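# Residue-level structure breakdown
Next come the chains, spelled out residue by residue.
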Amino acid sequence: MPRLILTYHATRLEQWNRSGADLLGLAADLALLAEIGMPVLPLADLLDPACAEGVAITFDDGTRMDGESIQHPTLGRLPSMLSVLVAARMRLPKLQASSFVIASAQARVDLDAGLVDAYGPDLMCDAWWRAAAHSGLMDLENHSWDHNHPLVQCSAQRDNRRGSFLDIETAAEAEAEISAASVEIERVVGRRPRYFAYPFGDMSDYLRRQWLPQRGPEIGLEAAFSTEPRALGLADDRWALPRFVSGRDWRDDASLSALLRSV
């Protein structure tokens, strides 16, 4: 039976409709999953070897839109991903999503500056973290210190070479990007992350085969996630688990239904 992880980005606002906006897509997808009786589970439950079938929901980048309503510059007041979860919980009693957040306050300030025209102010603030983490509907997980994002002025990458997480290739860089992020997230929300999502989906052999297997369990990590589009398999490497991405792998009820049938 299928076990799938579905990934959303609240900032995907290509068009304000079901196929172009993940905020609307998430609500429609949860309604479809409830209608067909597919269990929607916390990530830990889905990864349990005893789990035979289900879907887990994850969000990447940890924008404010995950946890709070925002005033968008052109679209007006938008709901949060958390509000979508609240509305769906009655039909999906085990629903609990995981939001992979960027830990560095300075990196998030840099990202705010680069994205303010498109999304408004404070897109990357952490003011919503604690309330979301204590809502019972959303766990906060590790999406690195600074994402090695091109909008970040000074990355943990040793040569300040930004734009790909494949450039994180030494123990010192991995400590700065992953271990330090877990410490900071725990400081803010009171819970250490159990999971890591590779920024950009960039899954290097060094992180996957060396650093994470050796160091991950010591800092509380149990698994890491790429954006390879396939269902979970029994023999999967826990440091290279797959996820489907909204907007890339499906966009509407028909394509989600087809995806579920295909796996």
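Just above sits the structure.
Computed from a predicted structure; not experimentally measured.

Counting secondary structure elements, the chain contains 9 helices and 9 strands. C-alpha extents for the chain along the principal axes are approximately 50 × 45 × 30 Å. A burial count over the chain gives 54% of its 263 residues as buried. Considering only contacts in the chain between residues 6 or more positions apart, those separated by 24 or more positions represent 66%. By element, 52% of the accessible surface of the chain is carried by carbon and sulfur atoms, the whole surface being about 10,800 Å². Treating the 26 positive side-chain charges of the chain as one cloud and the 37 negative ones as another, the clouds have centres 3 Å apart.

Where a strand is regular, its side chains alternate between the two sheet faces. Taking burial as the measure, the 5 residues of strand β5 (residues 97–101) include 5 buried ones, the bulk of the element. Where strand β2 (residues 54–61) and β5 come together, 4 bridges link them in parallel fashion. Paired with Phe59 across the bridge in β5 is Ser99. Examined bridge by bridge, β5 and strand β6 (residues 138–142) share 5 bridges and lie parallel to one another. Looking at β6, one finds that Ala97 is bridged to Met138.

Taking 1.5 Å of rise per residue, 19 residues should cover 27 Å, and helix α7 (residues 171–189) covers 26 Å from first to last C-alpha, within 8% of that figure. Bending of α7 peaks at approximately 30 degrees at the position of Ala180. Of the residues making up α7, those classed as buried are Glu173, Ala174, Glu177, Ile178, Ser179, Ala181, Ser182, Glu184, Ile185, Val188 and Val189. On its buried side, α7 packs onto β5, α6 (129–133), β6, β7 (195–197) and α8 (205–215). Once α7 ends, the next one or two residues include Gly190, with phi positive near 85 degrees.

By size, the foremost hydrophobic cluster in this structure holds 54 residues, and its most contacted members are Leu30, Ile57 and Leu85. A total of 6 residues in this core trace back to one element, the largest contributor, which is helix α1 (residues 22–36). Setting aside its immediate chain neighbours within four residues, Leu85 contacts Leu26, Leu30, Phe59, Leu95, Ala97, Leu137 and Met138. Of all hydrophobic cores here, the second largest spans 14 residues; its members include Phe165, Tyr206, Leu221 and Trp239.

Contact pair α7 / α8: the axes reach a minimum separation of 11 Å and the direction vectors enclose 70 degrees. Relative to α8, the element α7 lies roughly perpendicular. Pair α7 / α8 crosses with right-handed handedness. From α7, Ala171, Ala174, Glu175, Ile178 and Ser179 reach across to α8, where they touch Tyr206, Leu207, Trp211, Leu212 and Arg215. A per-class count over the contact of α7 with α8 returns 7 nonpolar, 1 polar and 2 charged.

Each packed pair of helices is defined by two parameters, the angle between the axes and the distance between the axes. Their axes nearest at 10 Å, the elements α1 and helix α4 (residues 81–88) cross at an angle of 15 degrees. Overall, the two elements α1 and α4 adopt an arrangement that is roughly parallel. Crossing of α1 against α4: the hand is right-handed. Here α1 contributes Asp22, Leu23, Leu26, Ala27 and Leu30 to the contact with α4, which in turn contributes Met81, Val84, Leu85 and Ala88.

So, on to the packing of aromatic side chains. The relation between two aromatic rings is expressed through the spacing of the ring centres and the mutual angle of the planes. Inspection of the entire model under this criterion finds 6 aromatic pairs. A centroid spacing of 5.6 Å and a plane angle of 85 degrees characterise the contact between Tyr8 and Trp250, whose relative ring orientation is edge-to-face. Of the two residues, Tyr8 sits in strand β1 (residues 3–8) while Trp250 sits in the loop between β9 (244–245) and α9 (253–262), which places them 242 residues apart along the sequence. Overall, Tyr8 belongs to the buried group, its relative accessible area being 0%. For Trp250, a relative accessible area of 2% translates into the label buried. An angle of 75 degrees between the planes, with centres 5.7 Å apart, marks the rings of Tyr195 and Phe225 as edge-to-face.

Another point: α8. All of the buried residues in α8 are Tyr206, Leu207, Trp211 and Leu212. Angularly, the buried residues of α8 cover 115 degrees about the axis, an arc narrow enough to put them on a single face. Across α8 from its buried face, at more than 90 degrees, point the exposed residues Asp205, Arg209 and Gln214. On the buried face of α8, the contacting elements are α7, β7 and β8 (223–225).

Conventions we followed
Residues numbered from 1 in each chain as written. Predicted model: local features only at pLDDT ≥ 70, side-chain atom pairs only at ≥ 80, totals over all residues. Heavy atoms only, no water. Helix = DSSP H or I, 4+ residues; strand = E, 2+ residues; numbered from the N terminus. Buried < 20%, exposed > 50% of the residue type's maximum accessible area, 1.4 Å probe, protein only. Contact = heavy atoms within 4.5 Å. Areas by Shrake-Rupley, 256 points an atom, 1.4 Å probe, with all protein chains shown as cover. Lys, Arg positive; Asp, Glu negative; His and termini not counted. Charge placed at Lys NZ, Arg CZ, Asp CG, Glu CD. Pairing = 2+ DSSP bridges. Expected span 1.5 Å × (residues − 1). Bend = angle between axes of the 7 residues up to and from the residue. Core = buried A, V, L, I, M, F, W, Y, C linked by side-chain atoms within 4.5 Å. Axes fitted to C-alpha atoms, helices over the stretch in contact; angles between N-to-C directions. Parallel < 35°, antiparallel > 145°, perpendicular 65-115°, else oblique. Left-handed = near helix turned anticlockwise from the far one by under 90°. Nonpolar A, V, L, I, M, F, W, Y, C, P; charged D, E, K, R; others polar. Phe/Tyr/Trp six-rings, centres within 6.5 Å; stacked < 30°, edge-to-face > 60°. Arc of directions from axis to C-beta.

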